[in-house]
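An overview of the molecular structure
Spelled out, the chains give:
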Amino acid sequence: MNSVEESDVGILCYISQLPGFSGILKQRYSDFIVNEVGLDGNVVHLTSLEVPPEISEEKEVKTTVQLNHNYATEMESFLALAGDSDAEKLKSFVIQIASHVNDEDMSIVLSPSSDKTHRTAIHNFFKQKLNFLVTDTVDGPDSSSKCIRVRLNAGGNCGKGRNTKKRKDRVDKAYDSRGSDSWPEHLGKFLRFHLYKENKDTQETLGLLGRMLGVQPRSFGFAGTKDKRSVSTQRVTVFKQRASRLAALNERLIGIKVGDFCYVNDGLVLGQLQGNRFTVTLRGIIAESEDIISASATALGKHGFINYFGLQRFGSSSVPTHLIGATLLRGDWKAAVSMILDPREGDILTHLLEYYKESGDIEGTLRQLSRHLVAERAILQCLKKNPGNYLQALMGIPRTLRMMYIHGYQSYLWNHAASTRVQKYGFNQVILGDLVYCKEQDTKNEKGSSKLEFEDGGSDEVDINGHFDDISVTELPAERNMSVKALNEDDLVAGNYTVDDIVLPLPGSRVIYPLNDIGKVYLDLAKKDDISLTESAHNTKEFSITNMAGSYRRLFQKPKDFEWELLKYTDRDMPLAKTDWEIIANSRPATLGCNKKLAGMIQFDSLPKLDKYEDATEASIEKEGTENETGGLKLEETINGPSSLENQTALKLSFTLPASSYATMAIRELLKTSTSVAFHKALNL
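Cut-offs and rules
Residues numbered from 1 in each chain as written. Predicted model: local features only at pLDDT ≥ 70, side-chain atom pairs only at ≥ 80, totals over all residues. Heavy atoms only, no water. Helix = DSSP H or I, 4+ residues; strand = E, 2+ residues; numbered from the N terminus. Buried < 20%, exposed > 50% of the residue type's maximum accessible area, 1.4 Å probe, protein only. Areas by Shrake-Rupley, 256 points an atom, 1.4 Å probe, with all protein chains shown as cover. Pairing = 2+ DSSP bridges. Axes fitted to C-alpha atoms, helices over the stretch in contact; angles between N-to-C directions. Salt bridge = Lys/Arg side-chain N within 4 Å of Asp/Glu carboxyl O. Core = buried A, V, L, I, M, F, W, Y, C linked by side-chain atoms within 4.5 Å. Contact = heavy atoms within 4.5 Å. Phe/Tyr/Trp six-rings, centres within 6.5 Å; stacked < 30°, edge-to-face > 60°. Polar contact = N/O pair within 3.5 Å; in protein donor to acceptor, adjacent residues only side chain to side chain. pLDDT = per-residue confidence, 0-100. Parallel < 35°, antiparallel > 145°, perpendicular 65-115°, else oblique. Left-handed = near helix turned anticlockwise from the far one by under 90°. Nonpolar A, V, L, I, M, F, W, Y, C, P; charged D, E, K, R; others polar. Expected span 1.5 Å × (residues − 1). Arc of directions from axis to C-beta.

1. Structural notes on the overall build of the chain
Across its full length, the chain carries 23 helices and 19 strands. Going through the 685 residues of the chain one by one, you find that 55% of them count as buried. Accessible area of the chain: about 30800 Å², with a carbon and sulfur share of 49%.

2. Thoughts on the sheet that holds strand β4 (residues 133–139)
The sheet built from three strands is open, its strands ordered β3-β5-β4 with antiparallel pairing. Unpaired on one side and paired on the other, β3 (107–109) and β4 mark the two borders of the sheet. Direction aside, neighbouring strands of the sheet carry axes that sit 25° apart on average. As paired elements, β4 and strand β5 (residues 146–152) share seven bridges and run antiparallel to each other. Residue pairing across strands places Val138 opposite Cys147, the latter belonging to β5.

3. Concerning the pattern of salt bridges
For the coordinates displayed, the defined rule picks out 19 salt bridges. Residues Arg402 and Glu542 are paired through a salt bridge, measuring 2.1 Å at the closest nitrogen-oxygen approach. Of the two residues, Arg402 is situated in helix α14 (residues 399–425) and Glu542 in the loop between α16 (517–528) and β16 (551–554); the sequence distance between them amounts to 140 residues. Given a relative accessible area of 10%, Arg402 falls into the buried group. Among the ionic pairs, Asp500 bridges to Lys558, the shortest N-O distance being 3.4 Å. With Asp500 in the loop between α15 (489–494) and β15 (502–506) and Lys558 in the loop between β17 (556–557) and β18 (560–571), the pair connects residues that are 58 residues apart, well separated along the chain.

4. Some words on unusual backbone geometry
Glycine aside, negative phi is the norm for most residues, and most peptide bonds take the trans geometry. Phi at Lys26 is positive, roughly 65°, even though this residue is not glycine. Relative to the elements of secondary structure, Lys26 occurs in the loop between β1 (22–25) and β2 (32–37). Look at Asp561: it is not a glycine, yet its phi comes out positive at around 50°. Structurally, Asp561 is set in strand β18.

5. Some words on the nonpolar core
Formed by 102 residues in total, the largest nonpolar core has its most connected members in Leu282 and Leu394. Looking at which element gives the most residues to this core, the answer is α14, with eleven residues. When sequence neighbours within four positions are dropped, the list of residues in contact with Leu282 reads Ile24, Leu25, Thr649, Ala650, Leu651, Leu653, Ile667, Leu670 and Leu671. Listed in part, the 25 residues of the second largest apolar core include Leu209, Met212, Ala243 and Tyr263.

6. Some points on the pairing of strand β9 (residues 256–264)
In terms of burial, β9 is largely enclosed, as eight of its nine residues are buried. Pairing of strand β6 (residues 190–198) with β9 involves seven bridges; the strand directions are antiparallel. Its bridge partner being in β9, Tyr196 is matched across the sheet by Lys257.

7. Notes on the packing of aromatic side chains
Per the counting criterion, the structure on display carries 14 aromatic pairs. Ring centres of Trp333 and Phe543 lie 5.7 Å apart, and the angle between their planes is 45°; this geometry places the pair in the tilted category. Taken together, the residues span a long stretch of sequence, with Trp333 in helix α9 (residues 333–341) and Phe543 in the loop between α16 and β16 at a distance of 210 residues. Taken individually, Trp333 and Phe543 each receive the classification buried, so the pair is uniform in this respect. Here a set of aromatic residues connected by ring pairs shows up, and it is made of Phe32, Phe278, Phe562 and Phe655.

8. Some words on the side chain of His416
Relative to the helices and strands, His416 resides in helix α14. Of the residues examined, His416 reaches a relative accessible area of 17% and is grouped as buried. A distance of 3.5 Å separates a polar atom in the side chain of His416 from the backbone nitrogen of Gly10. The residues touching His416, leaving out its near neighbours within four places in the chain, are Ser7, Asp8, Val9, Gly10, Val521 and Leu525.

9. Comments concerning the confidence of the model for the chain
In the predicted model, the chain carries a mean pLDDT of 79, and the fraction of residues at 70 or more is 74%. Counting contacts from residues 590–642, a segment whose pLDDT is below 50, to residues more than four positions away or on other chains yields 103 contacts.

10. Description of the side chain of Ser419
Mapped onto the elements of the fold, Ser419 is located in helix α14. On the basis of relative accessible area, Ser419 is assigned to the buried category, the value being 0%. In terms of polar contacts, Ser419 uses its side chain to reach the backbone carbonyl oxygen of Gly10, at 2.5 Å. At 2.6 Å, the side chain of Ser419 forms a polar contact with the side chain of Tyr308. Apart from residues no more than four positions distant in its own chain, Ser419 is found in contact with Gly10, Ile11, Leu12, Cys13 and Tyr308.

11. Notes on the packing of α9 against helix α12 (residues 374–385)
Look at α9 against α12: their axes get within 10 Å of each other, and the N-to-C directions meet at 130°. Judged by the inter-axis angle, α9 sits oblique to α12. For the pair α9 and α12, the crossing hand works out as left-handed. On α12, the residues touching Val337, Ile340 and Leu341 of α9 are Ala375, Glu376, Ile379, Leu380 and Leu383. Considered class by class, the residues forming the contact of α9 with α12 number seven nonpolar, no polar and one charged.

12. A look at the packing of helix α2 (residues 72–82) against helix α4 (residues 116–129)
Viewed as axis vectors pointing N to C, α2 and α4 meet at an angle of 175°, and their least axial separation amounts to 11 Å. Comparing their axes, α4 and α2 come out roughly antiparallel. Within the contact between the two elements, α2 uses Glu74, Ser77, Phe78, Leu81 and Ala82 and α4 uses His118, Ala121, Ile122, Phe125, Phe126 and Lys129. Its residues assigned to classes, the contact of α2 with α4 comprises seven nonpolar, two polar and two charged.

13. Let's talk about helix α22 (residues 663–671)
For α22, the buried fraction is high: nine of the nine residues fall into the buried class. Of the residues making up α22, those classed as buried are Ala663, Thr664, Met665, Ala666, Ile667, Arg668, Glu669, Leu670 and Leu671. Directly after α22, the chain includes Lys672, whose backbone phi takes a positive value near 60°.

14. Things to note about α4
In a regular helix each residue adds 1.5 Å, so 14 residues correspond to 20 Å; α4 covers 20 Å between its end C-alpha atoms and thus fits that length. Where α4 is concerned, the buried positions are Arg119, Ile122, His123, Phe125 and Phe126. Looking straight down α4, one finds that the buried residues subtend no more than 150° of arc, so they occupy a single side. Every exposed residue of α4 that faces more than 90 degrees away from the buried side is listed here: Lys116, Thr117 and Gln128.

15. Some details on the environment of Ala650
Looking at where Ala650 falls in the secondary structure, it is placed in strand β19 (residues 644–658). The spacing of Ala650 and Leu567 is 83 residues in sequence and 5.0 Å in space, taken between C-alpha atoms. Apart from residues lying up to four places away in sequence, Ala650 is in contact with Thr281, Leu282, Arg283, Ile285, Glu565, Leu566, Leu567, Tyr569 and Leu576.

Okay, structure coming up:
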């Protein structure tokens, strides 16, 4: 098998019966634009590269203003939180500071407490309500208790120099410094910025920025990864870095820009987004009539699409992730390693893996193996240290990647169940035994659901093979469980639920299955793969479905804020949708006109074409070259060269999807054709 096809992973059905039409997906990277939608509902755009002013005196001004404030409300809140004694102590302390009796070493120590949750609440109170004061934790009167110390936010270590004493002996140690005594108190500890990138993987890009800044990849936080073959903008945070340092990288970066800087108190973690806003341009549209295009686009907006896991979920190598996942669930560690390392037809790694298989030369193979091939490198490095220990080698793969194999198998089962549900019962009615998210308050017959341990929040279009840097990310924040129930006769009579409420489970120990023949689809399909969904075949919990909570996913998904238009063009390389960077560049031509290199980077025609699906190397990201070195075309070649065509039609779509839905599945519903890279590459020849 050279590459995974939709039918291999259960993607079989459509909602509408309208005829499809032909169109090229991602002929250019700018034909697929992704803008993150934050938890606040705002669409993330790159709007400015300017560095915000950082006024060193801001801290003192802010403190003065706060000390002129009446803190009666805050004191009442603290009284309820900490009690009379500490409230009175704090009140006297604030009065003392307001009277300008503010010795830098002056502090108070609150009553001892062995309750860490309570101490955390007090720390947060000062951060939120009295942030001109800072707190830290010191030892209490006995080994089981701690005390919170409070002082004026004077910053630094009072000018007494660093490292003059051991940390435990310092009276003037920094408060909440997390390893840095010099970070200004008036700035949030995280720099948040908007990351714009063209044809770049999120983790690869952050790895590059980390090397240029001299910080570890784990210093960055983000809500979700974006499709590599796109132009995307998303929020990122980095710990204790100045905006000026990141902004200075812009002239050295090709296909990457950073901007819209601000300082915040908390870093981003996976899942902190509502979804993504997509602007997709389908070129070379061929249809029986424009009426068919119009009817298909209208139907997509009205009825949505089957919420399949897209092909990206199953990887781009010749061995799909769900097959590796099934092998892991069976506990065949050696076979799983072989599936990752064995040569396979049509794969770019074939020659190198054949060399390893024939020679067993791990050192030589590692020297030639790209650092982006994280799974292969991790396995070989572990086998070098412990030959024959295949389980340990698999555990050497970064957790986010190795869990994607298991999630791939869960997605494979879900897709097949979804197809069977649509094939048997259509898309316009609920049936007895369907699972739905509950609406009523009475939950006596319901079972709560929980999210996957690593859901691809924001990773709507992620190619998971070979593009993971070992970036440490915080686990997903706990989400409120939504109750799920199976519909009974009374529910059908009442008519309170529609097909929009139907969900299907991703297998795990805490999910229930549909109480109709769709539930049997999961068990039968897993049984064919010699996998039990209720009993583990081995003792390695991480590779066991019975040790995973499971999740639920909506069967149908409607795009939000859906818009579409037909466009005419004659040049295949003419941009039909403006990116954030192009909008910035066009708004300040006088500034860029004096910098030939920078101006060349922002011509519309300098964006790389996707028809050859060439991956940008790290060297092409960092090198300082001409616009030709970015992979783009010169302007005169674009206009007068062979790219000029007869009058063509394009369909431009804009819509918003939740973080776990795939835009390519919406496009598939329109075209009624495969979404595989190979298929659209062939159309683009």
